[in-house]
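Chain and residue survey
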Amino acid sequence: MNAPSAPSSQSSPSVSPAQAAPHTAPDDGSLTAVRLVQVRKTYPNGLGETEALRSVSVALRPGSFTAVMGPSGSGKSTFLNCAAGLDVPTSGQVVVGDVDLTTLSADDLTRFRRRRVGFVFQSYNLVRHLTVAENVQLPLLLDGRRPDPAWQEHLLMAVGLQGMEDRLPGQLSGGQAQRVAIARALVTRPTVVFADEPTGALDSRTGQQILDVLRATARELDQTLVLVTHDPRVATAADQVLFLADGNVVGHLEAPSVEQITAQLVASGR
Amino acid sequence: MWSFARSSARAHRASLAGAFVIVVLASALLTATGVLLDSGARTGFGAEQPDGTAMLLVTVASSFAGTTVLVVLLMVSTTISAALRQRRQEFALLRAVGATGGQVRQMVTGEVLLVLALAGPVGAVPGLFAARLLTPLLESGGIVPAGYQLTLSPWPVLGTLLLLVPTGLLAARLASKEAVRTSPTAAVQQSEAEPSALSTARRTTAACLGVAGVAVATVPFFSPGIMGTAAAASSALLLITGSALAGPLLVAGLAERAVRASGPGSSVSGHMAMLNARGFSRRLTAAIVPLALLLALGTVQSGVDRTVVEASGVQLEDGLTADLVVDATDTQSTQLRGVPGVDAVASTGTVTADVKIEPDDEDLPALDALSWEPTALRLLGDGVTGVVDPLVREGTLDDLASAGTVAVSQDATFGTSKGLGDTVEVRDADGVETELTIVAVYDRSLGFGDYMVGLGSGLADGAALDTALVRTDAGATGDVRETVEALGLGVRTTGEYVDEVRASGAEQQQFSAVLLLALLTFIAMAAANTLAMLSSQRGGELALLRRTGATGRQLTTMVAVEAAFVAVLAWGIGTLSVVPALVGAGYGLLGTVLPPMNWPMYGGLTAAVVLIAVLAIVPVAARRGAGMARA
């Protein structure tokens, strides 16, 4: 567990930004799966800038399951994109395992990302003219590696899509497409898996199935899982929940209940 | 990656097919032009033709080639970037899934190269033979002698490929630029909408081109003549290119104004159409530019061609103070002097020879062969002064009686440092080279040609004199005419003669007209293809509107309004781009400020623009919008 800075991690739904000190890992050399050090991300907005993330520092233990929540505009997706190497922070460091992403060139970052990081997008992002199997294989293909049929079979079975290898994305339901996206994210056996509202557009039963797949595979492969979600019920499955608001981490709960999460959301949502 | 490339090609086969067809046509056009240039260059320096017809092929081909190459390459790059436009989201997605920028670029380049490698040769072969089909036209236009055979060699094909491949690759690079350069999330965001602002570089270049275009059109005001006119004509292309660069600003600006101006009572579809125009101004510009180019090129070229013929007639009319023109040999002309009522008779004829006015190139003597121009020189017999007035600026035509002399037009000396007293090299039909000294420089090159020689030059004897210019006493013209007719000689008034020359000049331009038509047809097809491609990419956008509540009829009307917007803007931009060029050309050739216009051509091109815009946009987009329920 991360060292809590608030007096009690089980209470204080009203942790203000000032009190939430950076969640840095103890400097005893213990490994962190993902670490953000004072990451700031701004976007140009007309003549000025929008600050999507304001100096966020977070450290996540290997094998942990973290949920990230917050109102819209809080910077959740930006946080995820920066942590996964999909976007480059304006300042600060992002360290995955023992590699500082901010020191990598664009191409090196891409290669690192496709080998060590799995990302499940909110909008599936499947290539429409490729079959399910080809979509799942895509990161391997881009890496120049041969697909492993046994592993592919295992993945498709794990997500419940066995037998659908030759379907096209246009023939799948939303839930099925999302499961293909998960299989694709897992095909390179990454060390960290990020998911941006993977159950957002799904009904609660399918959503639960998705969640189970993610957790089961994470446990099996000893992966770190970071999930952005709106749904407090999804968040209760996590080891810890981070709350973002206005680009800052405003709260942190460990193994919370639905009520605690909801209270925190209400407080930080304003 | 092969399977990916294959399925990608299959998924986008419609736009690939369109691009393929256009590249085939482009290749054919370029190769045909190459054949003309190649043949002309190989055999062109022959005034050694048996019937004396000058080989004008190289001259005609090179004047046509410049514009053709520019326009064809512009259309090819427009086509390829339109075809790749719809793939922007796919490229961004690949980046998000883990493709490096280099991998995306490789994929795009590979696809484009494949199309070029297939379409280039496929188009080049018919192009080679199509050029052969032009031979009858060349012969009837007097550009090549009868029985001429165009040479077929691999050089035109190689030249075509050398031009097409880099152009296509550049277009591919530009199309995948944002996916390659930016971070994946930025690429995904950018691919969903169009970037709104134009880069400073683009805006500056557009402004410079606009200024340059207008400036170049004023050249004839300072330096009249055919050179000034050529400069003015190029102003249209400059202005069109400037419009292409600044297009999105223009389109978005106009659309915004239309959006604000539309009140609550105005049509919903029209309002939506203007919103689309504002939001997708780059796509609309890509649709407008080819159509504007079609209108502009056709109007300028036909206008200038018509003006040249007109100006030749005017110059001839002004320069001949004779009243009658008679087909008469040298001896017959002498006879004519004795006819009562005849005031003066001057005999003229033509001599074909190769002329080189440029000084020898000391660095590259091999290039000397290219500076020989086959020309028809005007041969002046006795008694010419007073009857023929080419508006001499320096020197006098009387000196042409001396041996080894030539009179030269102002236009011919353009770009050389030659003037009065310098020499010009002439090579006659037997290959004998002589040097002639310039004794006069005159203005009216369109009416009288670029070179005039007298009998003293040694290029021809009295046998070459075939026309007598007769000045009659006041009021005696009718009588003299009857007398001459009674002598059995062909006679006409100067006015009739000028009309004949004008008519034959127009006929000579038939060849250029055919080439122009071929080029315009190509542009029209490329424009239609681009429009159809862009419209077919709108499926998702139209489906979204449908789901938000627009009826099928509203969508069709909206698309029709957009098509009308495209047509009107294309017409406006095309017309405005040619006004400076035509005004300049008109002044340079005719001295008038009212631009000369080939109104039938302009009307036809306007109709073509409207037709293409409507037919290429409305059915395609309407079908997309009507059929789709899911993006």
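The rules behind each value
Residues numbered from 1 in each chain as written. Chains lettered and ligands numbered in written order. Predicted model: local features only at pLDDT ≥ 70, side-chain atom pairs only at ≥ 80, totals over all residues. Heavy atoms only, no water. Helix = DSSP H or I, 4+ residues; strand = E, 2+ residues; numbered from the N terminus. Buried < 20%, exposed > 50% of the residue type's maximum accessible area, 1.4 Å probe, protein only. Contact = heavy atoms within 4.5 Å. Areas by Shrake-Rupley, 256 points an atom, 1.4 Å probe, with all protein chains shown as cover. Pairing = 2+ DSSP bridges. Axes fitted to C-alpha atoms, helices over the stretch in contact; angles between N-to-C directions. Buried area = accessible area lost by both parts, 1.4 Å probe. Salt bridge = Lys/Arg side-chain N within 4 Å of Asp/Glu carboxyl O. Polar contact = N/O pair within 3.5 Å; in protein donor to acceptor, adjacent residues only side chain to side chain. Nonpolar A, V, L, I, M, F, W, Y, C, P; charged D, E, K, R; others polar. Core = buried A, V, L, I, M, F, W, Y, C linked by side-chain atoms within 4.5 Å. Phe/Tyr/Trp six-rings, centres within 6.5 Å; stacked < 30°, edge-to-face > 60°. Lys NZ or Arg CZ within 6 Å of the ring centre and 35° of its normal. Domains from an automatic or database assignment. Expected span 1.5 Å × (residues − 1).

1. Here we look at the overall build of chain A
Across its full length, chain A carries eight helices and ten strands. The proportion of buried residues among the 270 residues of chain A is 54%. When contacts within chain A are restricted to residue pairs at least 6 apart in sequence, long-range pairs at least 24 apart make up 68% of them. Of the roughly 11,700 Å² that chain A leaves accessible, carbon and sulfur atoms contribute 50%.

2. Some points on the overall build of chain B
Across its full length, chain B holds 21 helices and ten strands. Across its three principal directions, the C-alpha atoms of chain B cover 95 × 55 × 40 Å. Put simply, chain B has 631 residues, and 51% of those count as buried. For chain B, restricting intrachain contacts to residue pairs at least 6 apart in sequence, the fraction spanning at least 24 positions comes to 83%.

3. Let's talk about the pairing of strand 10 (residues 248–254) of chain A
Residue and element names in this part refer to chain A. The element strand 10 is largely enclosed, with a buried count of six among its seven residues. By the bridge criterion, six bridges tie strand 9 (residues 240–245) to strand 10 in an arrangement that is antiparallel. Residue Ala 245 lies in a different strand from strand 10, and its bridge partner there is Asn 248.

4. Here's the deal with the sheet that holds strand 10 of chain A
All names here are of chain A. What the six strands build is an open sheet, ordered 6-7-8-3-9-10; its pairing is mixed. The sheet is open, and its two edges are formed by strand 6 (117–120) and strand 10, each paired on a single side. Pairs of neighbouring strands in the sheet enclose a mean axial angle of 20°, with direction left out of account. As defined by bridge partners, strand 3 (residues 65–69) adjoins strand 8 (residues 224–228) across four bridges and the pair is classed as parallel. Paired with Thr 66 across the two strands is Val 226, which belongs to strand 8. Across the face of the sheet, helix 6 (residues 204–221) comes into contact with strand 3, strand 7 (192–196) and strand 8 while running at roughly 155° to strand 8.

5. Examining the sheet that holds strand 5 (residues 99–100) of chain A
Residue and element names in this part refer to chain A. On the basis of which strands lie adjacent, the open sheet formed by four strands has the order 2-1-4-5 and antiparallel pairing. Strand pairing shows two members of the sheet lacking a second neighbour, strand 2 (48–60) and strand 5, which therefore form its edges. Alignment of strand 1 (residues 34–45) against strand 4 (residues 91–96), held across five bridges, turns out to be antiparallel. When the bridges of strand 4 are listed, Val 37 appears paired with Gln 93.

6. Focus: the interface of chain B and chain A
Contacts between the two partners involve 21 residues from chain B, matched on the other side by 21 residues from chain A. When chain B packs against chain A, close to 1,900 Å² is buried across both sides, 61% of that on carbon and sulfur atoms. For the chain B face of the interface with chain A, the top three residues by lost area are Leu 93, Val 97 and Thr 185 of chain B, together amounting to 26%. In this assembly, chain B and chain A are joined by zero salt bridges. Put simply, chain B and chain A have eight residue pairs in polar contact (both at pLDDT 80 or more) between them. Elements that contribute at least two residues to the side of chain B that touches chain A include exactly helix 1 (2–11), helix 4 (88–97), helix 5 (101–133) and helix 9 (184–192) of chain B. A per-element tally of the side of chain B that touches chain A places helix 4 of chain B first, with six residues. Residues that form the side of chain B that touches chain A fall into these classes: nine nonpolar, nine polar and three charged.

7. Section: the pairing of strand 9 of chain A
Residue and element names in this part refer to chain A. Across the six residues that make up strand 9, a large majority, six, are buried. Of the two faces of strand 9, the one lined by Gln 240, Leu 242 and Leu 244 and the one lined by Val 241, Phe 243 and Ala 245 are each fully buried. Pairing between strand 3 and strand 9: four bridges, direction parallel. Directly across from Ala 67, in strand 9, lies its bridge partner Val 241. A loop of two residues connects strand 9 with strand 10, the two strands running antiparallel in sequence, and Asp 246 in this loop sits at a positive phi of about 55°.

8. Observations regarding the environment of Gly 338 of chain B
Residues and elements named next belong to chain B. Within the secondary structure layout, Gly 338 lies in the loop between helix 15 (330–337) and strand 2 (342–356). Residue Gly 338 is classed as exposed on the basis of its relative accessible area of 62%. For the pair Gly 338 and Gly 253, spaced 85 residues apart in the sequence, the C-alpha separation amounts to 75 Å.

9. Overview of the nonpolar core
Formed by 100 residues in total, the largest nonpolar core has its most connected members in Leu 138 of chain A together with Val 72, Leu 84, Val 104, Leu 291, Leu 294 and Ile 523 of chain B. Tallying contributions element by element places helix 20 (residues 552–590) of chain B first for this core, with 15 residues. Judged by nonpolar contacts, the second largest core, of 44 residues, contains Val 180, Val 193, Ala 218 and Leu 265 of chain A.

10. Comments concerning the packing of aromatic side chains
Applying the stated criterion to the full structure yields four aromatic pairs over all chains. The rings of Phe 119, Phe 121 and Phe 194 of chain A are connected pair by pair, giving a single aromatic cluster. Here the guanidinium or amino end of Arg 189 of chain A rests over the ring plane of Trp 151 of chain A, the centre of that ring lying 4.1 Å away. The ring of Phe 280 of chain B has Arg 283 of chain B sitting right over it, with the charged end atom 4.3 Å from the ring centre.

11. Re the domain arrangement of chain B
Residue and element names in this part refer to chain B. Domain boundaries assigned for chain B yield domain 1 (1–192), domain 2 (201–317 + 500–631) and domain 3 (329–488). Computed from C-alpha atoms alone, the centre-to-centre distance between domain 1 and domain 2 is 22 Å. With 29 residues of domain 1 in contact, the opposing surface of domain 2 contributes 25 residues. A buried area of about 2,400 Å², summed over both sides, lies between domain 1 and domain 2, and 81% of it is on carbon and sulfur atoms. Across the domain 1-domain 2 interface, the total number found is zero salt bridges. In this structure, the connection of domain 1 to domain 2 is made through two residue pairs in polar contact (both at pLDDT 80 or more).

12. Examining the pattern of salt bridges
Tallying each qualifying case throughout the model produces 26 salt bridges over all chains. Residue Arg 87 of chain B pairs with Glu 90 of chain B through a salt bridge whose shortest N-O separation is 3.7 Å. Across the pair Arg 87 of chain B and Glu 111 of chain B runs a salt bridge, and its minimum N-O distance is 2.8 Å. Note that Arg 87 of chain B is positioned in the loop between helix 3 (57–85) and helix 4 and Glu 111 of chain B in helix 5, a separation of 24 residues in sequence. Residue classification places Arg 87 of chain B among the buried residues on the basis of a relative accessible area of 3%. Salt bridges sharing partners connect three or more residues here, namely Arg 114, Arg 115, Asp 143 and Arg 145 of chain A.

13. Focus on helix 5 (residues 174–186) of chain A
Residue pairs three or four apart in sequence face the same way in an α-helix, which turns once every 3.6 residues. The end-to-end C-alpha separation of helix 5 of chain A is 19 Å, in line with the 18 Å expected for 13 residues at 1.5 Å each. With respect to burial, helix 5 of chain A is a largely interior element, twelve of its 13 residues being buried. Those residues of helix 5 of chain A that fall on the buried side of the exposure criterion are Gly 175, Gln 176, Ala 177, Gln 178, Arg 179, Val 180, Ala 181, Ile 182, Ala 183, Arg 184, Ala 185 and Leu 186 of chain A. Each element contacted by the buried residues of helix 5 of chain A is listed here: strand 6, helix 3 (132–142), helix 4 (149–158), strand 7 and helix 6 of chain A together with helix 4 of chain B.

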